[in-house]
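Each chain is listed here by its residues.
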Amino acid sequence: MSDFAQVIGQNAEHLTDLDRAIGDGDHGSNMTRGTSKTAALAEAEEFDNSAAYLKKVGMTLVSNVGGASGPLFGTFFLRLGGALGDAEDIDAVTFGKALHAGVGGVLARGKAEVGDKTMFDAWSPALEAYDAAVTDGGDLQAALQAAVDGAKQGRDATVDLVARKGRASYLGERSKGHQDPGATSTVLLLESALRLWPNQRILP
Ligand SMILES: [Mg+2]
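Scope of this entry: the structure provided in the associated data block. (Residues numbered from 1 in each chain as written. Predicted model: local features only at pLDDT ≥ 70, side-chain atom pairs only at ≥ 80, totals over all residues. Heavy atoms only, no water.)

## Some thoughts on the overall build of the chain
Of the regular secondary structure elements, the chain holds eight helices and zero strands. Secondary structure of the chain in N-to-C order comes out as α-α-α-α-α-α-α-α. For the chain, the C-alpha radius of gyration of 16 Å lies close to 17 Å, the compact-globule estimate for 204 residues. Dimensions of the chain along its principal axes, counting C-alpha atoms only, are 50 × 40 × 30 Å. Each of the 204 residues in the chain was classed as buried or not, and the buried ones make up 49%. Across the chain, contacts joining residues at least 24 apart in sequence account for 67% of those joining residues at least 6 apart. Split by element, the accessible area of the chain, about 9400 Å² in all, is 48% carbon and sulfur. Each charge class in the chain was averaged separately, 19 positive and 27 negative side chains, and the resulting centres sit 8 Å apart. (Helix = DSSP H or I, 4+ residues; strand = E, 2+ residues; numbered from the N terminus. Rg over C-alpha atoms; globule rule 2.2 N^0.38 Å. Buried < 20%, exposed > 50% of the residue type's maximum accessible area, 1.4 Å probe, protein only. Contact = heavy atoms within 4.5 Å. Areas by Shrake-Rupley, 256 points an atom, 1.4 Å probe, with all protein chains shown as cover. Lys, Arg positive; Asp, Glu negative; His and termini not counted. Charge placed at Lys NZ, Arg CZ, Asp CG, Glu CD.)

## Details of the packing of aromatic side chains
Inspection of every chain in the model, using the stated rule, returns five aromatic pairs. Both rings, one in F76 and one in W123, keep their centres 4.5 Å apart while their planes meet at 25 degrees; by these two values the pair is stacked. Of this pair, F76 sits in helix α4 (residues 69-84) while W123 sits in helix α6 (residues 120-135), and the two are 47 residues apart along the sequence. Classification of W123 by relative accessible area gives buried; the value is 1%. These aromatic residues form a ring-pair network of at least three members: F76, F77 and W123. (Phe/Tyr/Trp six-rings, centres within 6.5 Å; stacked < 30°, edge-to-face > 60°.)

## Looking at the coordination of the magnesium ion
Coordination of the magnesium ion by the protein comes from D19 (OD), D24 (OD) and D26 (OD), over a distance range of 2.0 to 2.4 Å. A relative accessible area of 22% means that D26 is categorised as partly exposed. (Donors = N, O, S within 2.8 Å, 3.2 Å for Na, K, Ca; no water.)

## Examining the nonpolar core
F76, F77, L80, L84, F95, W123 and Y130 are the most contacted members of the largest nonpolar core, which has 50 residues in total. Of all the secondary-structure elements, those providing two or more residues to this core are α1 (2-22), α2 (27-44), α3 (50-64), α4, α5 (92-110), α6, α7 (140-157) and α8 (181-196). Dropping the residues within four chain positions of it, F95 is found in contact with L80, L84, I90, Y130, L140, L144 and W197. (Core = buried A, V, L, I, M, F, W, Y, C linked by side-chain atoms within 4.5 Å.)

## Observations concerning the packing of α2 against α3
It is at 9 Å that the axes of α2 and α3 come closest, and there the two elements cross at 150 degrees. Here α2 lies roughly antiparallel to α3, going by the angle between them. Where α2 crosses over α3, the handedness of that crossing is right-handed. Only Y53, K56, V57, T60, L61 and N64 of α3 make contact with α2, whose side of the interface consists of N30, R33, G34, T35, K37, T38 and L41. (Axes fitted to C-alpha atoms, helices over the stretch in contact; angles between N-to-C directions. Parallel < 35°, antiparallel > 145°, perpendicular 65-115°, else oblique. Left-handed = near helix turned anticlockwise from the far one by under 90°.)

## Remarks on the side chain of T16
With respect to the helices and strands, T16 occurs in helix α1. If sequence neighbours within four positions are ignored, T16 has contacts with G25, D26, H27, G28 and S29.

## Considerations on α2
Relative to the 26 Å expected for 18 residues at 1.5 Å per residue, α2 spans 26 Å between its end C-alpha atoms, a close match to the ideal helical length. On its buried face, α2 sits against α1, α3, α4 and α8. (Expected span 1.5 Å × (residues − 1).)

## Focus on α4
Over its 16 residues, α4 extends 22 Å from the first C-alpha to the last, a length consistent with the 22 Å expected when each residue adds 1.5 Å. Considered for burial, the residues of α4 that qualify are S69, G70, L72, F73, G74, T75, F76, F77, L80, G81 and L84. Buried residues along α4 sit against α2, α3, α5, α6 and α8. Phi turns positive one or two residues past the end of α4, at G85, with a value near 55 degrees.

## Overview of the environment of T94
Mapped onto the elements, T94 comes out in helix α5. T94 sits in the partly exposed class, given a relative accessible area of 26%. Sequence separation of T94 and L140 is 46 residues, and the distance between their C-alpha atoms is 9.4 Å. Discounting chain neighbours no more than four positions away, the residues touching T94 are L84 and A87.

Below, the structure written as structure tokens:
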């Protein structure tokens, strides 16, 4: 979470610019506020297991990130933590199930479909690529790398889409030609996971 907070901070202006083009221009500041709070969690208290930590992360995002992104990213972490439970040795298969649960939470909240120009356009190909890597016998590192690659393709594909969900949908055809901010921060989250996690524990 501290890596994610750092990267969000570095990209805050970019995220805000993207949101200004097709939304209300607050994605960078919203995400900065929420992720800096999640990064501080580990110093403030101790957690018994991954589930407890990730649930707190989710609740912190829900209550500190404005707009749609707070509930969406927050629900992702709540469901991710719920699925991991008190699992200790988390391999590609275990994490894949949790990832599906997390993205299921994003879907339950946002009710988006592929092609709506939302963060789900990054999550969906990320999951498909993750699953394909696991089927090919890939370990957690390989599966997360595949997920990042899939998410980037999905993010890039949002540029040509007309938004059908969220504030950007008010613009209709004029939303075309702009990259979706939520799909962009989704890539940043998966990149953080790939960069830091495979050799570490989830607990801080
Ligand atoms: Mg916004």
